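# Inside the fold
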Amino acid sequence: MLTEQFPIPWPLVELLRSAQRVAVLTGAGVSAESGVPTFREAQTGLWSNYRPEELATPQAFLHNPRLVWEWYAWRRNLVLKAEPNPAHLALVELEQRFPHFTLITQNVDNLHQRAGSGKRFPVIELHGNILRTKCFEENREIASWQETGETPPRCPHCGGMLRPDVVWFNEPLPEQALQAAWEAAQNCQVFLSIGTSGIVQPAASLPYRALDAGAAVVEINPDETPLTRSATFVLSGPAGQALPALLSALTP
Ligand code: BJW
């Protein structure tokens, strides 16, 4: 089937029309059209001298806590100013279409929730949420603290340094979220992998778990990724065009 803006293969439409259990994995590409830079895009301005991989680790934080805190403060500000785009909004609609629907995101920007996802089934945040803060020492969420001019600020309970509640390299993912994501991948009939480079583990293994369990895997990405060759369907283009086109193709 051809929609006006974006070609959607007819077998995919038929498959989705009869699907009972759908799982979706999103990555930074879904927020790109909201103006949030993807993780592996070149850093801009102030941060152009740093690779994100060198800032998103506990080791980097311990080495230079002020630098890492300020990078996250800059990014928090950026995502708070961003607005959900047509890809986020199409996923809100898709959540209503299937008896079981699981949205698993690697994104920390809260844009799925702001768009309205999570009303029927909770959004699974694999890598945390940049809008939350936790104590580096105790790992507990901290809702408020006293500003003393120190950067990063200190935990009101133990005096440890505060940090964003995100998952850095070499840190374990939240156990319940990861378990729920594995189960959704294992049990779905259709798995959509959208806007992710598919190189960060363990999230990158989820589509393969779905494939092994017999699901059809759909990749939406303007670029090729390690998943592209294995995917059942590839919608090669921006998520902000492909997802609304998919949604309208499903509408009788
Ligand atoms: C568009 C688009 C448009 C553009 N539309 N698309 C097994 C093998 C090898 C290594 C490992 C392994 N297991 C663990 C590791 C190590 C490591 C890892 O994976 N390393 C790899 C780099 C090799 N993994 C970990 O360390 C993980 N922890 C772990 O496994 O712990 C085990 C443990 C157990 C017990 C004790 C201790 C440890 C943790 C990974 C955490 C990742 N964290 C980050 C930072 C989050 C906070 C922050 O935002 O700062 O998460 S890294 C970064 O990558 C971020 C992202 O969520 C994640 C994925 O990136 P994503 O979303 O794919 O973005 P990009 O930029 O890579 O790609 C964007 C894509 O969009 C591109 O493809 C574009 O083409 C596309 N695109 N415009 C659609 N309009």
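Residues numbered from 1 in each chain as written. Predicted model: local features only at pLDDT ≥ 70, side-chain atom pairs only at ≥ 80, totals over all residues. Heavy atoms only, no water.

Turning next to the overall build of the protein. Counting secondary structure elements, the protein contains 10 helices and eight strands. Counting only residues that meet the buried cut, the protein has 52% of its 252 residues in that class. The averaged location of the 25 negative side-chain charges in the protein is 2 Å from the averaged location of its 19 positive side-chain charges. (Helix = DSSP H or I, 4+ residues; strand = E, 2+ residues; numbered from the N terminus. Buried < 20%, exposed > 50% of the residue type's maximum accessible area, 1.4 Å probe, protein only. Lys, Arg positive; Asp, Glu negative; His and termini not counted. Charge placed at Lys NZ, Arg CZ, Asp CG, Glu CD.)

What follows concerns the site of the ligand. The local shell around the ligand holds 33 residues, among which Arg40, Tyr72, Arg75, Ser197 and Gln201 are the closest. In this structure, Arg75 approaches the ligand through a side-chain N or O atom, which is 2.6 Å from an oxygen atom. His127 has a polar side-chain atom sitting 2.8 Å from an oxygen atom of the ligand. Computed on the free molecule, the ligand has an accessible area of 1,500 Å², of which 73% lies beneath the protein chains in the complex. The set of elements that each furnish at least two residues to the shell around the ligand consists of helix 2 (29-32) and helix 5 (65-81). (Near = heavy atom within 4 Å. Polar contact = N/O pair within 3.5 Å; in protein donor to acceptor, adjacent residues only side chain to side chain. Areas by Shrake-Rupley, 256 points an atom, 1.4 Å probe, with all protein chains shown as cover.)

Another point: the pairing of strand 5 (residues 162-166). For strand 5, the buried fraction is high: five of the five residues fall into the buried class. Relative to strand 5, strand 4 (residues 128-135) runs antiparallel, the two being bridged by five bridges. Each bridged residue has a counterpart across the sheet, and for Cys135 the counterpart in strand 5 is Leu162. (Pairing = 2+ DSSP bridges.)

This part takes up the packing of aromatic side chains. Evaluation of the coordinates by the stated rule reveals seven aromatic pairs. Plain terms: the ring middles of Phe61 and Trp168 are 5.4 Å apart, the flat faces sit at 40° to each other, and that makes the pair tilted. Placement of the pair is Phe61 in helix 4 (residues 58-63) and Trp168 in the loop between strand 5 and helix 8 (175-187), with a sequence separation of 107 residues. Here Trp71 and Tyr72 contribute two aromatic rings whose centre-to-centre distance is 4.9 Å and whose plane-to-plane angle is 70°, an arrangement assigned as edge-to-face. For the residue pair Trp71 and Tyr72, the accessibility class agrees, reading buried in each case. Positioned above the aromatic ring of Trp69 is the side chain of Arg76, whose terminal nitrogen or guanidinium carbon lies 5.4 Å from the ring centre. Above the plane of the ring of Trp168 lies Arg163, whose end atom (NZ or CZ) is 3.7 Å from the centre. (Phe/Tyr/Trp six-rings, centres within 6.5 Å; stacked < 30°, edge-to-face > 60°. Lys NZ or Arg CZ within 6 Å of the ring centre and 35° of its normal.)

Here we take up the sheet that holds strand 1 (residues 21-26). Pairing is parallel in the open sheet, where six strands are placed in the order 3-2-1-6-7-8. At either end of the open sheet lies a strand with only one pairing partner, and these are strand 3 (124-125) and strand 8 (233-235).

The next thing to look at is helix 6 (residues 86-97). Think of an α-helix as 3.6 residues a turn; residues three or four steps apart then line up on the same face. With 12 residues, helix 6 should cover 16 Å at 1.5 Å per step; its first-to-last C-alpha distance of 17 Å lies within 8% of that length. For helix 6, every residue scored as buried is listed here: Ala87, His88, Ala90, Leu91, Val92, Leu94 and Glu95. Where helix 6 is buried, its residues touch strand 1, helix 2, strand 2 (100-105), helix 7 (111-115), strand 6 (190-194) and helix 10 (239-250). Sitting at the head of helix 6, Asn85 places a side-chain oxygen 2.7 Å from the backbone nitrogen of Ala87. (Expected span 1.5 Å × (residues − 1). Contact = heavy atoms within 4.5 Å.)

Counted by the stated rule, this structure contains 10 salt bridges. For the salt bridge of Glu53 with Arg40, the shortest nitrogen-to-oxygen distance reads 3.4 Å. Pair noted here: Glu53 is in helix 3 (residues 52-55) and Arg40 is in the loop between helix 2 and helix 3, with a separation of 13 residues, a long-range link. In this structure, Arg154 engages Glu150 in a salt bridge whose closest nitrogen and oxygen atoms are separated by 3.2 Å. (Salt bridge = Lys/Arg side-chain N within 4 Å of Asp/Glu carboxyl O.)

What follows covers the nonpolar core. Across soluble globular proteins, nonpolar side chains show a tendency to be buried alongside one another. In terms of nonpolar packing, the biggest core is built from 32 residues, with Ile8, Val22, Leu192, Ile194, Ile220 and Leu243 touching the most fellow members. Elements supplying a minimum of two residues to this core: helix 1 (10-18), strand 1, helix 6, strand 2, strand 6, strand 7 (216-220), strand 8 and helix 10. Take this core: its biggest share by element is eight residues, from helix 10. Ile194 has contacts with Val24, Leu25, Thr26, Gly27, Val30, Leu91, Ile220, Ala239 and Leu243, leaving out every residue within four places of it along the chain. Counting 22 residues, the second largest nonpolar core, distinct from the first, contains Leu25, Val167, Ala185 and Val217. (Core = buried A, V, L, I, M, F, W, Y, C linked by side-chain atoms within 4.5 Å.)

What follows is about the environment of Pro156. Turning to its location among the elements, Pro156 is positioned in the loop between strand 4 and strand 5. If near-sequence neighbours (up to four positions away) are discounted, Pro156 is found in contact with Ile142, Ser144 and Trp145.

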